[in-house]
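A structural walkthrough
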Amino acid sequence: DRENPLVIVQQRALTFGLEKCDKLWYWGLWNDTEPPPIGHEVYARLAKEVKPIFIFDSLIRFHSGDENDAKEMSKAMNAFRSLCALGATVIILHHKGKPKFEGPTPMFRGSSEIVGAVDIAFSLVKKDKGGHVELNLDGFKNRFQEEKSIKFIFDKTLNTIIPAEMPVLNKDEECIFNKLKILGPSRIGNIAIIAGFNEQKTRTILKTWENVLFRST
C-alpha cells in the first residue's frame, strides 16, 4: 500500500473486525522499508516462492511512468503480468477517470493499455443507503467468460459485507447446509449421516458451494 496512511488502515481493520493473521501481510509506507515500485526483484522472489495474492494500492503509486502514455503503461503492466507468470495472483486498484462535460465518466483513468493488459476488470460504485452501503462491482472486461456484475451490502451495524443476492439452493442443498449450521465444522461422513444422504452426494454438494457459502478447513 503506497496510498493510505497507517491510521486509515487501522481504522478500516477495526471497522471490519480484522485480526492478526499469519497469511495476511500488509506492507505500507509506514514500515521500516517501504514497498518498492513494481519491477523490484522482491516481488518476483515472493511470486516464485510463495505464490501469493498481491494487492497493489494503487496503480499510479507503483510506477513512475505517464499513465496516459501507452508505451510507458505497457512496460508497467508487463511487470505486473510477469508476476502472474511466476505463479502469483495480482489485483491492482486503480482510480476512475474524471467526469466529462458530455458522456459517461470513464471506467478508468489513463491509457487503454491499462485495461488491455488485464484479464478481468471491475468498476466499483458505492451508494450510501443510510443503514447500509451498497457496493456494486460492475464487470467491464473478462477474458474467460461474459462480464458479470456483483453486488454486496456493507451492514454498518454488523460491520459485515454480505452478498446482496444469496444463492438459490435446491431442497437437498438446503437440507445439508441447515444441518451444517447445527453441527458446525464436521467431517463429511457425519454431515451425510445427519442429512440422510450418502457420502458421495454430500461431498458433491459441498464441493459445489465451497468458498461460496463456506470454507473448508
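Residues numbered from 1 in each chain as written. Predicted model: local features only at pLDDT ≥ 70, side-chain atom pairs only at ≥ 80, totals over all residues. Heavy atoms only, no water.

The next point concerns the pattern of salt bridges. Throughout the structure, instances matching the rule amount to eight salt bridges. Ionic pairing is found between glutamate 199 and arginine 203, a salt bridge with its closest N-O pair at 3.0 Å. Remark: arginine 203 and glutamate 199 occur in helix H7 (residues 199-209); sequence separation between them is four residues, near one turn of the helix. Among the ionic contacts, a cluster of salt bridges with common partners joins Arg81, Asp119 and Arg143. (Salt bridge = Lys/Arg side-chain N within 4 Å of Asp/Glu carboxyl O. Helix = DSSP H or I, 4+ residues; strand = E, 2+ residues; numbered from the N terminus.)

The strand order across the open sheet built from four strands is S3-S4-S5-S6, with neighbouring strands paired in antiparallel fashion. The open sheet has two edge strands with one neighbour each: strand S3 (120-128) and strand S6 (160-163). Put simply, the sheet's adjacent strands are angled 25 degrees from each other on average, direction ignored. One ladder, built from nine bridges, connects S3 with strand S4 (residues 132-142); its direction is antiparallel. Looking across to S4, one finds that serine 123 is bridged to aspartate 138. (Pairing = 2+ DSSP bridges. Axes fitted to C-alpha atoms, helices over the stretch in contact; angles between N-to-C directions.)

Here we come to the nonpolar core. The biggest cluster of nonpolar side chains holds 20 residues, and the ones touching the most others in it are Ile38, Tyr43, Phe54, Phe56, Met77, Phe80 and Leu83. At the level of elements, helix H2 (41-49), strand S1 (53-57) and helix H3 (70-85) are the ones that each hand at least two residues to this core. No other element matches the six residues that H3 contributes to this core. With residues up to four places along the chain from it excluded, the contact list for isoleucine 38 reads Tyr43, Phe56, Phe62, His63, Ala76, Ala79, Phe80 and Leu83. (Core = buried A, V, L, I, M, F, W, Y, C linked by side-chain atoms within 4.5 Å. Buried < 20%, exposed > 50% of the residue type's maximum accessible area, 1.4 Å probe, protein only. Contact = heavy atoms within 4.5 Å.)

Looking now at H3. With 16 residues, H3 should reach 22 Å at 1.5 Å per residue; the first-to-last C-alpha distance of 22 Å fits that figure. Every buried residue of H3 is listed here: Met73, Ala76, Met77, Ala79, Phe80 and Leu83. Tucked into the core, H3 has its buried residues touching H2, S1, strand S2 (89-93) and helix H4 (113-116). Of the residues that open H3, the one with a side-chain oxygen 2.9 Å from the backbone nitrogen of lysine 71 is aspartate 69. (Expected span 1.5 Å × (residues − 1). Polar contact = N/O pair within 3.5 Å; in protein donor to acceptor, adjacent residues only side chain to side chain.)

Quick look at helix H5 (residues 171-183) now. Relative to the 18 Å expected for 13 residues at 1.5 Å per residue, H5 spans 19 Å between its end C-alpha atoms, a close match to the ideal helical length. Considered for burial, the residues of H5 that qualify are Glu173, Ile176, Phe177 and Leu180. Along the axis of H5, the buried positions cluster into a sector of 95 degrees, meaning they face one direction only. Of the exposed residues in H5, the ones pointing more than 90 degrees away from its buried face are Lys171, Lys181 and Ile182. For H5, the N-terminal cap is asparagine 170; the gap from its side-chain oxygen to the backbone nitrogen of aspartate 172 is 3.1 Å. Where H5 terminates, the next one or two residues include glycine 184, which has phi positive at roughly 75 degrees. (Arc of directions from axis to C-beta.)

Turning to the packing of aromatic side chains, a few remarks are in order. Applying the stated criterion across every chain yields a total of nine aromatic pairs. Aromatic side chains tryptophan 25 and tryptophan 27 sit 5.3 Å apart centroid to centroid with 10 degrees between the ring planes, which places their arrangement in the stacked category. Note on tryptophan 27: relative accessible area 16%, which makes it buried. Geometrically, the ring pair formed by tyrosine 26 and tryptophan 30 is stacked, given 5.8 Å between the ring centres and 25 degrees between the ring planes. (Phe/Tyr/Trp six-rings, centres within 6.5 Å; stacked < 30°, edge-to-face > 60°.)

Moving on to the side chain of glutamate 134. Along the chain, glutamate 134 turns up in strand S4. One buried charged residue, glutamate 134, forms no salt bridge at all, with the nearest opposite charge on lysine 151 at 4.2 Å. Every residue in contact with glutamate 134, bar those within four places of it in the chain, is listed here: Val125, Lys126, Lys127, Lys129, Lys151 and Phe152. (Lys, Arg positive; Asp, Glu negative; His and termini not counted.)

At a closest axis distance of 9 Å, the pairing of H5 and helix H6 (residues 188-195) adopts a crossing angle of 115 degrees. In this structure, H5 meets H6 at a crossing whose hand is right-handed. Here H5 contributes Cys175, Ile176, Lys179, Leu180 and Leu183 to the contact with H6, which in turn contributes Asn190, Ile191, Ile194 and Ala195. Class assignment of the residues belonging to the contact of H5 with H6 gives a composition of seven nonpolar, one polar and one charged. (Left-handed = near helix turned anticlockwise from the far one by under 90°. Nonpolar A, V, L, I, M, F, W, Y, C, P; charged D, E, K, R; others polar.)

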